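Analysis of the macromolecular model
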Amino acid sequence: MSTSCADEAKSTKVTIDALVVGKQYRLAQKDKERTLLPLFREKVRQSIKHSPNMCLFYKRMGLDPDRIEGLADIPPLPVTMFKLFDLITCDKASVVRVLKSSATTTGVPSKIHLDKTTAFRQSRALVSILTEFIGNQRRPLLVIDTEQVNDPKATTLSARGAAIRGIENFAKSSTYVLKGLDDLLLDRDALAGFMKANEGKEVLIYGFTYILWTRFLEVLEKEGSQLDLTGSKVLHSGGWKKLKDRKVEKSVFNDRIGALFRTSPNNVIDFYGMVEQVGVIFPDCEEGRKHVPDFAEVVIRDPVTMDEVGPGVPGLIEVMSVLPNSYPGEAVLTEDLGRLVGLDDCPCGRKGKCFEFLERVEKAELRGCGDTFAERSGDR
Amino acid sequence: MNCGTIQLGIDVNAKVVEPDIKAIAKTVKNGAVALKAMGPDKVIGRLDDLGKVLLRSDIKSMEGVPFLAMWLRKANLHKLLEETFGDPRILTEFMGTGRRKVKAQPRGLACHWIAGNVPTLGFFSLFQSMMVGNANILRIPAASVDVIQGVLEVMARSEASELMGSFSVITFPSSNQPLNESLSMEADVRVVWGGMEAVNAITNLPTQSHCEDVVFGPKYSFAVMDRKALGSPKLQMLLRRLVNDIVIFDQEACSSPQVLFIEKGGRLGCKELMGLIGKEFEAVSKRSPKTGTTSSVATRILTKRAEYALSKKKDLLASKDTGWTILYDEKLALEEPVQHRTIFLKPVDRVLDVLPLITNKVQTIGYEIHDRKTALQFADGATSAGVSRCVPFGQMNLYDNPWDGMLVMSRLVRFCSMFTEED
């Protein structure tokens, strides 16, 4: 490593930590790019140094880290690669935990290797982001899930578990109100206990979007029940695909969830995130837009040219983050479509890019009479 | 009833209406009486004129149209009849020596379910079915309407307009079970083009007990070159032809090559070969830029590229955009197609090593095996294992006879016999 690289690396840690703990959404886009560029260059160098796979990847993609002039110059790694490869960018011995995705689509989970530095940054980053949306006061947390998804002894953690763990940073106490990992049945005793202690109070509620709707709201609505938790914030994540299949629109979701908890629909906050980029979440602001924290970036890419597209143009969402030290999360290409809706100009006052999530990319079936192979290879 | 036009299932008040299959069947059967009376020679004459008009029309450069126009040439259609029946007079008179004579009669109503990957596909089975005197109904996917409508409009301006009373083109969603059943129940022969799901869905529909099925089901195709071909001074031209085979129909046809196997030991390295293929991809991309790349297709391409870029024993060469991709590895296998200008390149010790991969699901092999003895051995082994066609590069997607191992027109007639008094 040259002297300049070493200097850059030395200063990187300080800068990342400062970015993570600081107040978010302050950097205007130009300043942000200037701040992040050297950090991402160093991330790429680290991936090349520690991961033979990433070294090959960048080489074959024709990337020279010294010639990265803009964030979009870094070729993104499709998110599926975390299912196919063990991608580690630190000493293997430093890995303390492996996050796993829910594996609902392919049956193969993503594996994200975390060292202490990454885990700490992710946790701190979540706090920095969520403070901007729910304040920093600790409150009782009602978890619409089973405690089994957040087993402290497990060496692996699902996306649901990771989200709960992040939100627990804001919890005085946690109460899980579903039971059975497969059944996810309402634990009425646990719910009754929580309500007895917290009725009429402002609490924090979290659940995966689909679970919150089908295993909690639908069950209680059927009974005509309401929970008096006026003023509480309801956070949810995990995507809309299954609910869209059931024709549930976001406004309907917010209204009915708000009514169930006797809180304003504005207190129902959807956030977008993924297990491959824990620590970087995108809650909806008051204007319904998703903002990018100062330690991360979002690039919307045209699926045909792979060039970055400007506001209003739909494209593949790429999430860049400086948080990961132990896996190559510098530029991850999702299988989601989104579009930029603003740049430093959101009425909510947050700076940088803001975007909206449009939909998951549908898996295209091979069409026509050339579609044979999946069936054919099964024959063999 | 408008025969020879597409019935979109929408009435004048823009209300969705379902095509009346029974009424359509009755109309086209009536129309086919004139077709049969006309006889194959006159039908061929009309189709030949359609080919000529197509080549002068504003849709002449639409994908698949130039080949369709050439295929419609009188000489080609006569050749098809001869290859299929020997003496084509068998379609118009009882033929044979001795007391027993045989005549090929049309089956009646042929109902065709056409796949969406190659819009002009349906015309090949339609025109062959017309030549032997059948009435026809084509069910086409909505995505093919524009191309087929274009051809039908040209047909209406040609001498082939006379034939348009004998067929009808309809479109409705493939999920419309009652219409599929209704169409199936009218059929004397069902012609099915499509993937496994479509083929299974249609062949499982109720039908008349005498109904014959002609299935052009899911198939896989690949290409192979021996070291002699790789050392040929015409190598660049061969690769140009191969790339044309890859590019046409977005590589979604059953005859589209998905893998290129190359024999090791030539003077050309794999990297060098990838560069030469890439050069042809670049050239073709300038001539006919890829269109219709959805985010889903792009994701499939990008994912596969990344998998190869991350792997130690693999390599790739690709355009900066998602235009074309060459994926190199040494695993002897037929890979899941990525399509859309993506070819897997695999070295093998000997071209004959590929033969154990072949099953009857492999349809076409584009082969440039310039060692004659090996070529014969390869073709015999491949066709014995299930392959229908071994053709030079550049001809993989040319619809020819036989197709999928069938002399198609022979499946669209009934061979009927009679006995006469001794001559």
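Residues numbered from 1 in each chain as written. Chains lettered and ligands numbered in written order. Predicted model: local features only at pLDDT ≥ 70, side-chain atom pairs only at ≥ 80, totals over all residues.

**Digging into the domain arrangement of chain A**
All names here are of chain A. Inclusion rule: All domain edges in this entry derive from an automatic or database-based domain assignment. A pair of residues counts as a contact when their C-beta atoms, built from backbone coordinates, are separated by no more than 7 Å. Here a strand is any run of E in DSSP of at least two residues, a helix any run of H or I of at least four, and the numbering for each starts at the N terminus.
As far as domains go, chain A holds domain 1 (3–74 + 283–360) and domain 2 (121–272). With centres defined by C-alpha atoms, the gap from domain 1 to domain 2 works out at 29 Å. Contacts between the two partners involve 12 residues from domain 1 and, on the opposite side, 14 residues from domain 2. Of all elements in the fold, only helix 1 (3–21) and strand 17 (353–360) reach the threshold of two or more residues within the side of domain 1 that touches domain 2.

**Let's talk about the nonpolar core**
For the record, the criterion: Each nonpolar core reported here comprises buried Ala, Val, Leu, Ile, Met, Phe, Trp, Tyr and Cys residues connected via C-beta atoms within 7 Å. Three exposure classes are used. Buried residues have 20 or more other C-beta atoms within 10 Å of their own C-beta, exposed residues have 12 or fewer, and partly exposed residues fall in between, all C-beta atoms being placed from the backbone.
Judged by nonpolar contacts, the single largest core of 215 residues is most densely connected at I144 of chain A together with I137 and V224 of chain B. Broken down by element, the residue count for this core peaks at 11 residues, all from helix 1 (residues 21–56) of chain B. Setting aside residues no more than four positions away along its own chain, V224 of chain B makes contact with F261, V351, V354, I365, Y367 and I369 of chain B.

**Quick notes on the interface of chain A and chain B**
Put simply, the test is: Each residue receives one of three labels: charged for Asp, Glu, Lys and Arg, nonpolar for Ala, Val, Leu, Ile, Met, Phe, Trp, Tyr, Cys and Pro, and polar for the others, Gly being one of them.
Tallying the contact residues gives 35 residues for chain A and 42 residues for chain B. Of all elements in the fold, only helix 3 (52–60), strand 1 (77–78), helix 4 (81–84), strand 16 (332–343) and helix 11 (373–379) of chain A reach the threshold of two or more residues within the side of chain A that touches chain B. Top element by residues in the side of chain A that touches chain B is helix 3 of chain A. It accounts for 5 residues. When the residues that make up the side of chain A that touches chain B are grouped by side-chain class, the tally is 21 nonpolar, 6 polar and 8 charged.

**Here's the deal with helix 3 of chain A**
For the record, the criterion: The reported arc concerns the directions from the helix axis to the C-beta atoms and nothing else.
Taken together, the buried positions of helix 3 of chain A are occupied by N53, M54, F57, Y58 and R60 of chain A. Angularly, the buried residues of helix 3 of chain A cover 170° about the axis, an arc narrow enough to put them on a single face. Set apart from the buried face of helix 3 of chain A by more than 90 degrees, the exposed residues are P52 and K59 of chain A. Looking at the buried positions of helix 3 of chain A, the neighbouring elements they touch are helix 2 (29–50) and strand 1 of chain A together with helix 11 (295–310) and strand 10 (315–318) of chain B. Within two residues after helix 3 of chain A, G62 of chain A carries a phi angle of roughly 75°, on the positive side.

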